[in-house]
Amino acid sequence: MSSGGTRTTGAAPRVRHAIGYVILCLIALAFMAPLIYMVATSLKPESETFTTPPTLWGSALRWQNYTDVFSYLPFARFILNGVLVAAVGTAINVTVAALSGYAFSRLRWRGRNVVFLLFLATLMIPQDVLVIPMYVMMQDLGWVDTVQALIIPWAFTALGAFLLRQFFLTVPQELDDAARVDGAGTVRTFLNVMVPLARPTLAVLAVFTFISYWNSFLWPLVIVNDVNARATIPLGLQAFFGQQGNEWSLVMAASVISMLPTVIILVLLQKHLVRGIVTSGLGGR
Amino acid sequence: MTAVTTQQAAPAEEEVVTVKVAAPGTAIAVDEEPEARRPAEVGRRSWWGAAFAAPHSIGLALFTVVPIVASLVVSFMNWPMIGGHTWTGLENYRRLFDDPIFWVVVRNTAEYVILYVPLNLVVSLGLAAWLTPRIRHRHIFRVLFFIPTITPLVANVVVWRMLYQPDGLIDATLQSTLGEHAPNFLADDTWAMFAVVAMSVWAGFGYNMLIFSAALDAVPDSQIEAAQLDGASAWRTFWHVKFPAISPSIFFATMMTLITSFQVFTQPFLLTKGGPGTETETLVQYIYNTGFQNQQLGLASAGAWVLFVIILGITAVQFLGQKRWVHYE
């Protein structure tokens, strides 16, 4: 049967490989089960969310849940808040990081190494440790329960500076020199030569910053009092989920919606995300 | 975002990729800068540099350096959320260490860390080793395993509540197959912590898996082929060639996972509220309760500093251990 008869290579490893692959698929399926169950439940009529024996699909696909969720909780507001907070925070972080990354890599100035070491040191401080003093600070500023309190405190994290510095160190010096010959000053060189070159790195930083704002939970929980007006999605989900008499199908629909933006980013930009994680430890939990 | 797809061929691309052979994070260092390359123009550029770094530096000083120093000061004061503050020296730390609940949450947190970190590492390393480039559609598997890591943790926890609770998916499945009730996972003394850990591993291992997967891809084929020519099995090749080669990544991932797992909050807070009793209450939840439920910010700051010292300790171990433990080429 086997063509040569010298050795029985071919068939046996291939079968083993196929079995292994099937097992891998089963593991992946088991892993996905909670997410599949979430999507399935989000489409069930509420009366069928808990049944014994459990069913995957309800008697009908109730797409209406996805519109009902917007009247069940102020979900449009949560999405809007989430997008606003994440977008503004990301814009600030990427801008200051591009500038400081450039300063730490291509410009020479007194105190550069000391300041850079301080930047490094701040990376060791976890957000959870900062929450209490940050809250006291927000009290002093009168920022408790405001949008800016959700954005500003975390817009200056240092990681972006390292990412950008790392990038700018790889740009050939000749490009600066050429720009200088053309009469460009420091600012023009930065804006017209460096920033366009750094666009992929800036995008990676932007994506991770956006996601970390989008998913943030502890700080909104601490700083937001008026959940209906100022909550971002995780806090809003939590607040309504904590109530008695959960509408599970609607909460699941809300969860699905909250995951969509990051899942879409993940699918579209996976290569860049992987690079960001692997080269710089971005996005760690 | 279109920039990402169009700028693929930027000159930095290959440079960045070579960095990944070392552990992530170790790429960050104050080191070989092109200073030697540019002796001139020091005078003209000296204040531009400071100006470019100013926005980030000022922001970081205001919103990280000032708060961290302030929190140390606050930890030595009686600082109720509303009302006056008085200096009390080490009183907060004494109260903290005299509080039996504090030691319970320290033990709970340690229990969580001891269960979570090895499980996370084993699962992520196992799957990363399995997902070799020979596996068809490996990028799809990678994406799937990464979904809970990158989506809002709150949303993921909400689903797991549905799985764990009485008449939830697990209980209903057991009832209809074995005719038995499952334990009430989230309200049961023995099960609650395991339930929190299982959910957390599910939600968290994708990150380390990606790191290990990328590190394994960077192991030179020549080394693997040499081992295979020597007749080494896949198992031996993994332990004697690949594992040592990726040890920097494993070390880095272990330390990062340790640090983040000491800060666990969202999963127990939303699954069990720290219960039953205080069975799954963690250090961060204790800090949160002390600060924002009991409104004692001084005491909460002292708790936060205990956490911070633990994390600094791990960071120090990482820093010292890196040279000793890890194989760099």
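What counts, and at which threshold
Residues numbered from 1 in each chain as written. Chains lettered and ligands numbered in written order. Predicted model: local features only at pLDDT ≥ 70, side-chain atom pairs only at ≥ 80, totals over all residues. Heavy atoms only, no water. Helix = DSSP H or I, 4+ residues; strand = E, 2+ residues; numbered from the N terminus. Buried < 20%, exposed > 50% of the residue type's maximum accessible area, 1.4 Å probe, protein only. Contact = heavy atoms within 4.5 Å. Areas by Shrake-Rupley, 256 points an atom, 1.4 Å probe, with all protein chains shown as cover. pLDDT = per-residue confidence, 0-100. Axes fitted to C-alpha atoms, helices over the stretch in contact; angles between N-to-C directions. Parallel < 35°, antiparallel > 145°, perpendicular 65-115°, else oblique. Left-handed = near helix turned anticlockwise from the far one by under 90°. Nonpolar A, V, L, I, M, F, W, Y, C, P; charged D, E, K, R; others polar. UniProt positions renumbered as here; feature names shortened; annotations may be inferred. Buried area = accessible area lost by both parts, 1.4 Å probe. Salt bridge = Lys/Arg side-chain N within 4 Å of Asp/Glu carboxyl O. Polar contact = N/O pair within 3.5 Å; in protein donor to acceptor, adjacent residues only side chain to side chain. Core = buried A, V, L, I, M, F, W, Y, C linked by side-chain atoms within 4.5 Å. Domains from an automatic or database assignment. Arc of directions from axis to C-beta. Phe/Tyr/Trp six-rings, centres within 6.5 Å; stacked < 30°, edge-to-face > 60°. Lys NZ or Arg CZ within 6 Å of the ring centre and 35° of its normal.

**Focus: the overall build of chain B**
Across its full length, chain B holds 15 helices and two strands. Out of the 329 residues in chain B, the part that is buried amounts to 52%. For chain B, restricting intrachain contacts to residue pairs at least 6 apart in sequence, the fraction spanning at least 24 positions comes to 69%. Roughly 14900 Å² of accessible area belongs to chain B as shown, and the carbon and sulfur atoms make up 65% of that amount.

**Comments concerning the overall build of chain A**
Looking only at helices and strands, chain A features 15 helices and zero strands. Of all intrachain contacts in chain A linking residues separated by at least 6 positions in sequence, the fraction that spans at least 24 positions is 71%.

**Regarding the confidence of the model for chain B**
Atom-level detail of predicted coordinates should not be read off regions where pLDDT is low. Per-residue confidence for chain B averages 83 on the pLDDT scale, and 84% of its residues sit at or above 70. Across residues 1-43 of chain B the pLDDT falls below 50, and counting only partners more than four positions away or on other chains, this stretch makes 68 contacts in the model.

**Some points on the packing of helix H3 (residues 75-105) of chain A against helix H9 (residues 186-197) of chain A**
Residue and element names in this part refer to chain A. Running from N to C, H3 and H9 cross one another at 115 degrees; their axes reach a closest spacing of 12 Å. By the angle between their axes, H3 is roughly perpendicular relative to H9. Helix-helix and strand crossings are classified by hand; for H3 and H9 the assignment is right-handed. Seen from H3, the contacting residues are Ala98, Leu99 and Tyr102; seen from H9, they are Thr186, Thr189, Phe190 and Met194. In terms of residue class, the contact of H3 with H9 is made up of five nonpolar, two polar and no charged.

**Points about the UniProt feature "transmembrane region" (unreviewed entry) in chain B**
Residues and elements named next belong to chain B. With numbering matched to this structure, UniProt assigns "transmembrane region" (unreviewed entry) to residues 47-77, 112-131, 143-163, 191-216, 245-265 and 302-321. Between the C-alpha atoms that bound residues 47-77 there is a distance of 41 Å. The span itself is 90% helix and 3% strand. Secondary structure content for residues 191-216 is 96% helix and 0% strand, and the end C-alpha separation is 36 Å.

**Concerning the interface of chain A and chain B**
Taken together, the contact between chain A and chain B spans 118 residues of the former and 114 residues of the latter. Across the interface of chain A and chain B, roughly 10800 Å² is buried in total on both sides, 75% from carbon and sulfur atoms. On the surface where chain A and chain B come into contact, there are zero salt bridges. Summed over the shared surface of chain A and chain B, the result is seven residue pairs in polar contact (both at pLDDT 80 or more). Broken down by element, the side of chain A that touches chain B gets its largest block of residues, 15 residues, from helix H1 (residues 11-42) of chain A. The residue inventory of the side of chain A that touches chain B, partitioned by class, reads 79 nonpolar, 29 polar and ten charged.

**Things to note about unusual backbone geometry**
Residue and element names in this part refer to chain B. Omega for the bond connecting Gly275 with Pro276 falls within 30 degrees of zero, at -5 degrees, which places this linkage in the cis form. Position of Pro276 among the secondary structure elements: in the loop between helix H13 (266-271) and helix H14 (283-293). Here the phi dihedral of His137 falls at roughly 60 degrees; this positive angle occurs in a residue that is not glycine. Topologically, His137 is positioned in the loop between helix H5 (100-130) and helix H6 (138-150). Backbone geometry at Gln295 places phi at a positive 60 degrees, although glycine is not the residue there. In this structure, Gln295 sits in the loop between H14 and helix H15 (297-325).

**With respect to the nonpolar core**
Within the largest apolar cluster, 161 residues are counted, with the highest numbers of intra-cluster contacts made by Trp219(A), Phe145(B), Met199(B) and Phe292(B). A domain-level breakdown of this core finds at least three residues from each of domain 1 (11-64) and domain 2 (66-280) of chain A. Discounting residues that sit within four places of it in the chain, Phe145(B) has contacts with Ile27(A), Ala28(A), Phe31(A), Leu127(B), Leu131(B), Phe205(B), Gly206(B) and Met209(B). Counting 32 residues, the second largest nonpolar core, distinct from the first, contains Ala97(A), Tyr102(A), Ala198(A) and Ala206(A).

**Details of the side chain of Thr146(A)**
All names here are of chain A. Secondary-structure assignment places Thr146 in the loop between helix H5 (127-141) and helix H6 (147-151). Assessed through its relative accessible area of 16%, Thr146 is described here as buried. Looking at Thr146, its side chain comes within polar contact range of the side chain of Gln148, at 3.5 Å.

**Description of helix H2 (residues 65-72) of chain A**
All names here are of chain A. Every buried residue belonging to H2 is among Asn65, Tyr66 and Val69, and all of these are buried. The buried residues of H2 occupy one face: seen down the axis, they fall within an arc of 95 degrees. Among the exposed residues of H2, those pointing more than 90 degrees away from its buried face are Thr67 and Ser71. In the core, the buried residues of H2 are packed alongside H1, H3 and helix H14 (248-268).

**Here's the deal with the UniProt feature "transmembrane region" (unreviewed entry) in chain A**
Residue and element names in this part refer to chain A. UniProt records the feature "transmembrane region" (unreviewed entry) at residues 21-40, 78-102, 114-135, 147-168, 189-214 and 248-269, using the numbering of this structure. Taken end to end, residues 78-102 is 100% helix and 0% strand, and its first and last C-alpha atoms sit 36 Å apart. The span residues 189-214 is 96% helical and 0% strand by assignment, and the distance between its end C-alpha atoms comes to 33 Å.

**Section: the packing of aromatic side chains**
Tallied over the entire structure, the rule returns 45 aromatic pairs over all chains. Judged by centre distance (5.2 Å) and plane angle (10 degrees), the rings of Tyr112(B) and Tyr116(B) are stacked. Placement of the pair is Tyr112(B) and Tyr116(B) together in helix H5, with a separation of four residues, close to one helical turn. With relative accessibility at 8%, the residue Tyr116(B) sits in the buried group. If you follow Arg136(B) out to its NZ or CZ, it ends over the ring of Tyr21(A), 6.0 Å from the centre.

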